[in-house]
2 protein chains.
Amino acid sequence: MINDEISDNMRLHGVLTKEKYVKHLSVDCTIFSVQDARLKVLLLNWQDVEYWSLPGGFVKEDEDLDEAARRILYERTYLDNIFLEQFHTFGKVDRTSLKLSKDFLKARNLTFPDDHWLFERFISAGYCSLVDYTQISVFPRYNNESGKWFDLDKLPKLAFDHKEIVKKGSEYIRKNIDTQIAASNLLPEKFTMNELQSVYEAVLGENFRRNNFQRKILAMNFLERLEKLYDGSANKAPYLYRFRDVR
Amino acid sequence: MINDEISDNMRLHGVLTKEKYVKHLSVDCTIFSVQDARLKVLLLNWQDVEYWSLPGGFVKEDEDLDEAARRILYERTYLDNIFLEQFHTFGKVDRTSLKLSKDFLKARNLTFPDDHWLFERFISAGYCSLVDYTQISVFPRYNNESGKWFDLDKLPKLAFDHKEIVKKGSEYIRKNIDTQIAASNLLPEKFTMNELQSVYEAVLGENFRRNNFQRKILAMNFLERLEKLYDGSANKAPYLYRFRDVR
């Protein structure tokens, strides 16, 4: 375990030294899921560091920004093959902190000279996705790192401007809820109107009247109602629906 | 005029040499307006260059990304004090072209060494706005540059990935049409339902039935209907509306 940790840190040092990255540019991912009927966000924490942060990383010189986002998310969480959308780029001059950057590295026994590009200004492209948290079995990748889902109004101390990034990310998810839910695998392929309503309510954090919800959702025309199969019992099973292709 | 042009070019050379910019990062602005009942986009062209391009520029080391976008737009077009929103960041590896970058500079009699940061990879943050084109009296800033409004389906040859940026920008404007129109000054402070409908139709590129439009718009609850003033004539004047604050 200790050996694993040392080799982890050495690997990270090697990567940050040898790989060619686009300076000044990072990616941060806000990954949301629904648990206990609430919208949650995935945060990572390195042992002995007070601040939690979003899964993030740097863009290689020879890779597209979108490609980098997918790679970074996979490297930090093993999440793969999900509907990942860019939502906003964060570019305030003072959004990162030299001290905190150094603390992060110290927690891994890594040191870099003060003039290393790691300590320069970073602009960060935010990507987001809504996923089924039960599909994440192994995360995160590094040994002394832990990951946890947090309620949006019970966030821990967050590094840099990550609180703002989480806020913007959740706004984007809520604004684009129809596409996001259809792409998220939060529901089985066929689902009832009640199941769909529960997910909408969790993501938006509000409750709807059943009739209103059904009327509005059906008016949007992205659901397909399936035929009931007559199974001999009294015909009280609810209708099942599935998404038309909305991506 | 010739002297102006030389001093323009010298000033630009000085700026690109002496000012400290964040490497690898640029801003491009898609500015839309309505003319002849059509949505148009503002493009700039330097004399003797085949390609048109969006008003864009670089981010200074000591300025926020949003601040940079406002400054750049002002410097290129004198547009000021408008509702400018970031909509997407463009990060494909090969989105710019070394040859075209050099052609742009050659058109201004500027040369830089091949290893200058101007010729490295650039990631560009796209900003957009919907404006009243009649409020733009003087543009653009440089002498041998011209600006023109183009129909979205009659675009000239565009530099780099600017065609894609225009497309994404117009999608953003259309998706956020309510906020954009309210913030745009395209309408006077008080307007009729017909005037509002014309602007919606121009921006979205489709026609609506009058009753449907009125019903849907009023259901969204961002308009305030004003009292009719009785002026002694037969009371046939249409109702006037104004926007509630939606920003």
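Residues numbered from 1 in each chain as written. Chains lettered and ligands numbered in written order. Predicted model: local features only at pLDDT ≥ 70, side-chain atom pairs only at ≥ 80, totals over all residues. Heavy atoms only, no water.

- As named in an unreviewed UniProt entry, chain A is NUDIX hydrolase, taken from Kaistella pullorum.

## Remarks on the interface of chain B and chain A
- Across the boundary between the two partners, chain B contributes 21 residues, which contact 21 residues of chain A.
- Together chain B and chain A conceal approximately 1600 Å² of surface at their shared face, both sides included; 52% is due to carbon and sulfur atoms.
- Contact with chain A buries surface across chain B, with B:Asp64, B:Gln86 and B:Arg121 losing the most and accounting together for 24% of the total.
- Connecting chain B to chain A are 17 residue pairs in polar contact (both at pLDDT 80 or more).
- Among the elements of the structure, strand S1 (21–35), strand S3 (56–60) and strand S4 (85–90) of chain B are those that each provide at least two residues to the side of chain B that touches chain A.
- Among the residues making up the side of chain B that touches chain A, the classes are represented as 6 nonpolar, 6 polar and 9 charged. (Contact = heavy atoms within 4.5 Å. Buried area = accessible area lost by both parts, 1.4 Å probe. Polar contact = N/O pair within 3.5 Å; in protein donor to acceptor, adjacent residues only side chain to side chain. Helix = DSSP H or I, 4+ residues; strand = E, 2+ residues; numbered from the N terminus. Nonpolar A, V, L, I, M, F, W, Y, C, P; charged D, E, K, R; others polar.)

## Section: the side chain of A:Ser26
Residue and element names in this part refer to chain A.
- Take Ser26: it is sitting in strand S1 (residues 21–35).
- You can call Ser26 buried: its relative accessible area is 8%.
- A distance of 3.0 Å separates a polar atom in the side chain of Ser26 from a polar atom in the side chain of Ser124.
- For Ser26, the contacting residues outside a window of four places in its chain are Gly57, Phe58, Arg95, Phe122, Ile123, Ser124 and Ala125. (Buried < 20%, exposed > 50% of the residue type's maximum accessible area, 1.4 Å probe, protein only.)

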